[in-house]
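Commentary on secondary and tertiary structure
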Amino acid sequence: MQSSPVLLSAVIRAILQLLGSPFRITGNVFCSNPSQHFSFLKSFAAHPNDESPAFFTDSLSGSDYRNVEEHRTVVLVDFDCPTAMEILANASHQEIYYNYKWILFHTTSREKIQIPTDLRVLVSSEVFVLHPDGEENVAVEQVYRHRPDTPQIWETFGLWRGNQGVLEDHRSTPITSRRRQNTQKALLRASMVITHNDTLQHLDDYHDKHIDTITKVNYILTNHLIDYVNGSVAYSIVPTWGYFNGSAWSGMIGELDQDLADLGASPLFYTVDRIPVIQYIAMTTPTRSKFVFRSPKLSFTDNVFILPFDTFVWYSLITLMILLVLILTLAAAIEWRTLDIDPEDSQSLRPKIMEAFMVVFGASCQQGSSQNPRGFSTRCITFLAFIVLFFLYTSYSANIVALLQSPSRKIKTLPDLLASRLKFGVDDTVFNRYYFTHQTEPIRKAIYEQKVIQRGSPAFMALEQGIKLLRGGLFAFHMETGVGYKVVTETFFESEKCDLQEIQFYELIDPWYAIQKNSSFKEVFKVGLFRMQENGLQERENSLLYTKKPECHGSGGNFVTVGLIDIQPAMLLFAWGIIISLGIFCIEFGAKKFKHELQQRMKCCRKY
């Protein structure tokens, strides 16, 4: 395209104004004619406005390509300069076509520019080619290809009308990813993780939804995405998401990193070491992995024998019993002074603190007493004590019955879980084995070391086995909830579903869909996935394959048996009572024997 510096400057400025943001410009223009190059620079400076680009440099060096995240750099390439092809080749090698914008033109000839077939001008590339269209007009075209091995595609950007001095915008939309959405059945490679061989037979029929669920969901979403871009797809199967073995990545990440796949059809978690090698673009599967357990009975975490009454009620009850003992002792003392009571009568209540206490304590337990009051006042006090303590005893007993059937909600956090007496198990999946063994936070690490691997049997188990133990109670099972609840729904009674509790273990965000780092399809894929989310396709597939937490519809329908753990405090009290009684018996027996020996010695002394 034979052009004057002023014309070339006007066309380039018109292109940048259509793009709509300020840019910095670099490149060699009129390299064989310094005076025309100066006129070109002067023409830019003669039209200052807020959207005019700043001109930083007129030479290209290796340093210009270091910041591959720079999106506002425009590189001008004069094909009449001897270094033009070298500049393009170096740029292609460093893959900056993803970010820089390129304007290619002739300054002295009218030949149409031919783009070398080995240049990576892909879907995200912004390569503008100027060529003459008649005597006064300049056609502006863009070139790209879907893959390095597919033909080049030319699209019209605009037409410069020389007689009017304007650039007509011929684009269907200013958004590049929308214009290049149609890949024209280009082959896209997708890698997905399969951990069970049978999954390949049931990827889209919703059979065995609890097996490889995350892959099944995203297999369907990937097919929708391929339809959205009008492409074709070839899947590769790997057994794991991948890890770094010291020299290279394995699994799905390895295929993305080594350009063996364009899409990661099995989403994966964010980790710091993965960020440099893959690109996360959208969250497609809102799944959670948690410890799930049935709430243990209240007696498993608390002493139910002290729960029926509030603390102040217990204080009031103790105070009442002390007052009753003192008043009953005082009344009995008065009776013994005023009434004619046979001292040998063992059935009469004597004015002693211990005997009054036994009467009041027997009344509190509704057991009666072997000591009978003789006077009217002591009988009234005893009768009043039995009436008051009867109502307290009835309330206490009724509360005990209710508490023995109540679940405990005391285990709410990871520290509570660590301190509990529950047994632990973990669903045997690749990511569970990885994240449990790599925990560094103290509480989570302690759960793994003290609860998971110290339980005396294999800590990692099949999903069905873990849920079977979960149903039996006193067992916490770590599983992907959307998957595990499918088995829970099928095997649990309705009343058993009411006891389910969850505690989050991982501090991770939901899995995200991944593609190659710096993929030219990044914006196209991202828009497609967000469109599926907005249109409800993503929610539909997740709801069909993931099961929500079962709702409670049968609370209280089961007969609750009382076990030894429920009466443990009472048994301990009984045991301590026996021990203390034997101790007192030994003391009394020893004291009596000592007294008897002492009397014998005193008798002997009197004889002499």
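Residue numbering note: each chain is counted from 1, following its sequence as written. Local features in a predicted model are, by the rule used here, given only for residues with pLDDT of at least 70; side-chain atom pairs are given and counted only at 80 or more, and totals for whole chains, interfaces and linings are based on all residues. Heavy atoms throughout the structure, all of them, feed into the side-chain values; hydrogens and water do not.

Quick look at the overall build of the protein now. Helix and strand content of the protein: 19 helices and 18 strands. A burial count over the protein gives 45% of its 608 residues as buried. If you take every contact in the protein between residues at least 6 apart in sequence, the share linking residues at least 24 apart comes to 72%. Throughout, the Shrake-Rupley method with a 1.4 Å probe supplies accessible areas, and for residues the shown protein chains are the sole cover considered. Carbon and sulfur atoms make up 57% of the accessible area of the protein, which amounts to about 32200 Å² in all. Each helix is a run of DSSP H or I of at least 4 residues and each strand a run of E of at least 2, with the numbering of both proceeding from the N terminus. Buried, partly exposed and exposed residues are distinguished by accessible area as a fraction of the type maximum, computed with a 1.4 Å probe on protein chains only: under 20%, between the cut-offs, and over 50%, respectively. The criterion used for residue contact is that any of the two residues' heavy atoms lie within 4.5 Å.

The rule for pairing is simple: two strands pair if DSSP sees at least two bridges between them. With mixed pairing, five strands are arranged side by side in an open sheet as E15-E14-E16-E13-E17. The sheet is open, and its two edges are formed by strand E15 (460-461) and strand E17 (500-504), each paired on a single side. Pairing analysis gives five bridges linking strand E13 (residues 289-294) to strand E16 (residues 475-480), with the strands arranged antiparallel. For Lys290, the partnering residue across the bridge sits in E16 and is Met479. Simply put, an axis is a line fit to the C-alpha atoms, just over the touching stretch for a helix, and the angle between two N-to-C directions goes from 0 to 180 degrees. Set on the sheet, helix H14 (residues 463-472) makes contact with E13, strand E14 (423-427), E15 and E16; between it and E16 the angle comes to about 145°.

Overall, mixed pairing links the five strands, which are arranged E10-E9-E11-E18-E12 in an open sheet. Single-partner strands in this sheet number two, and they are strand E10 (232-238) and strand E12 (278-283). Between one strand axis and the next, the sheet turns by 30° as a mean value, whatever way the strands run. Of the strand pairs in this sheet, strand E9 (residues 187-193) and E10 are connected by seven bridges, and their pairing is parallel.

A word on the pairing of strand E11 (residues 263-268). With respect to burial, E11 is a largely interior element, six of its six residues being buried. The pairing of E11 with strand E18 (residues 512-516) spans three bridges and is antiparallel. Opposite Leu263, over in E18, you have Ile515 as the bridge partner.

It is worth spelling out the state of the cysteines at this point. What counts as a disulfide here is a pair of cysteine sulfur atoms lying within 2.5 Å. For the coordinates displayed, the defined rule picks out two disulfides. Across the disulfide, Cys498 is cross-linked to Cys552 (sulfur-sulfur distance 1.9 Å). Handedness of the Cys498-Cys552 disulfide follows from its S-S torsion of about 90°: it is right-handed. Of this pair, Cys498 sits in the loop between helix H16 (494-497) and E17 while Cys552 is found in the loop between helix H18 (537-545) and helix H19 (568-607), placing the two residues 54 residues apart along the sequence. Judged by its relative accessible area of 12%, Cys498 is buried. Across the protein, the disulfide pattern expressed with sequentially numbered bonded cysteines is 1-2, 3-4.

Formed by 81 residues in total, the largest nonpolar core has its most connected members in Leu417, Phe436 and Phe525. Broken down by element, this core gets its largest block of residues, eight residues, from helix H5 (residues 213-228). When sequence neighbours within four positions are dropped, the list of residues in contact with Phe436 reads Phe291, Val426, Tyr448, Val452, Phe460, His478, Phe505 and Tyr506. Within the second largest apolar cluster, 24 residues are counted, among which are Leu16, Ile25, Val74 and Trp160. In this description, a nonpolar core means a group of buried Ala, Val, Leu, Ile, Met, Phe, Trp, Tyr and Cys residues linked to one another through side-chain atoms lying within 4.5 Å.

What makes a patch is a set of residues exposed beyond 30% relative accessible area and free of salt bridges, joined within 9 Å when like-charged and within 5 Å when nonpolar (Val, Leu, Ile, Met, Phe, Trp, Tyr). Counted as salt bridges are all cases of a side-chain nitrogen of Lys or Arg within 4 Å of a carboxyl oxygen of Asp or Glu. On the surface, a nonpolar cluster with roughly 530 Å² of combined accessible area is contributed by Leu572, Trp576, Ile579, Ile580 and Ile584. Relative to the helices and strands, Ile584 resides in helix H19. By relative accessible area, which is 43% here, Ile584 ends up partly exposed.

Bringing the confidence of the model for the protein into the picture now. The score called pLDDT rates the predictor's confidence residue by residue, from a low of 0 to a high of 100. Averaged over the protein, the pLDDT score is 83; the fraction of residues at 70 or greater is 89%. Counting interchain partners and residues more than four positions distant, the pLDDT-below-50 stretch residues 60-66 has 15 contacts.

Once that is clear, we can look at the packing of H5 against helix H17 (residues 522-535). Running from N to C, H5 and H17 point in directions that differ by 115°, and their axes come no closer than 10 Å. Every pair of crossing elements has a handedness; the one defined by H5 and H17 is right-handed. Judged by residue contacts, Leu221, His224, Leu225 and Tyr228 of H5 engage Val524, Phe525, Val527, Gly528, Leu529, Arg531 and Met532 from H17. When its residues are assigned to classes, the contact of H5 with H17 shows eight nonpolar, two polar and one charged. By definition, any crossing whose near helix is turned counterclockwise from its far helix by less than a right angle is left-handed, and any crossing with a clockwise turn is right-handed. In this classification, the charged set is Asp, Glu, Lys and Arg, the nonpolar set is Ala, Val, Leu, Ile, Met, Phe, Trp, Tyr, Cys and Pro, and all remaining amino acids, among them Gly, are polar.

With that settled, the discussion passes to helix H13 (residues 442-452). Side chains of residues three or four places apart in an α-helix project in the same direction, reflecting 3.6 residues per turn. Three or more residues of H13 are buried, namely Arg444, Ala446, Ile447, Tyr448, Lys451 and Val452. Between the side-chain oxygen of the N-cap and the backbone nitrogen of Ile443 there are 3.2 Å, and the N-cap of H13 in question is Glu441. The term polar contact refers here to a pair of N or O atoms within 3.5 Å; inside protein, the definition further demands a hydrogen-donor-capable atom paired with an acceptor-capable atom, and it admits residues adjacent in sequence only when both atoms are side-chain atoms.

With respect to the element layout, Thr215 can be found in helix H5. Taking the relative accessible area as the measure of exposure, Thr215 reaches 1% and is therefore buried.

Contact pair helix H8 (residues 311-338) / helix H10 (residues 376-404): the axes reach a minimum separation of 9 Å and the direction vectors enclose 160°. By the angle between their axes, H8 is roughly antiparallel relative to H10. Crossing hand, H8 versus H10: left-handed. Together, Trp314, Leu317, Leu320, Leu324, Ile327, Leu328, Ala331, Ala332 and Glu335 of H8 and Phe376, Ser377, Thr378, Ile381, Thr382, Ala385, Val388, Leu389, Leu392 and Tyr396 of H10 make up the contact between the two elements. Split by residue class, the contact of H8 with H10 holds 15 nonpolar, three polar and one charged. Geometric relationships in this document are graded by angle, where less than 35 degrees denotes roughly parallel, more than 145 denotes roughly antiparallel, 65 to 115 denotes roughly perpendicular, and other angles denote oblique.

A few words now on the packing of aromatic side chains. Whether two aromatic rings pair depends on their centres lying within 6.5 Å, for rings of Phe, Tyr and Trp, where Trp uses its six-membered ring; planes under 30 degrees apart make the pair stacked, over 60 edge-to-face, and the rest tilted. As enumerated under the stated definition, the model contains 28 aromatic pairs in all. Pairing Tyr270 with Trp512 gives two aromatic rings, centres 5.8 Å apart and planes at 65°, and the pair type is edge-to-face. Taken together, the residues Tyr270 in the loop between E11 and E12 and Trp512 in strand E18 connect sequence positions 242 residues apart. You can call Trp512 partly exposed: its relative accessible area is 24%. Measuring from ring centre to ring centre gives 6.3 Å for Phe436 and Phe460, while their planes differ by 90°; the resulting arrangement is edge-to-face. Separated by 24 residues along the polypeptide, Phe436 in helix H12 (residues 430-437) and Phe460 in strand E15 bring together distant segments of the chain. Both residues of the pair, Phe436 and Phe460, count as buried. The positively charged end of Lys112 is found above the aromatic ring belonging to Trp154, 5.4 Å away from the centroid. Whether a charge sits over a ring comes down to the Lys NZ or Arg CZ being within 6 Å of the ring centre and within 35 degrees of the ring normal.

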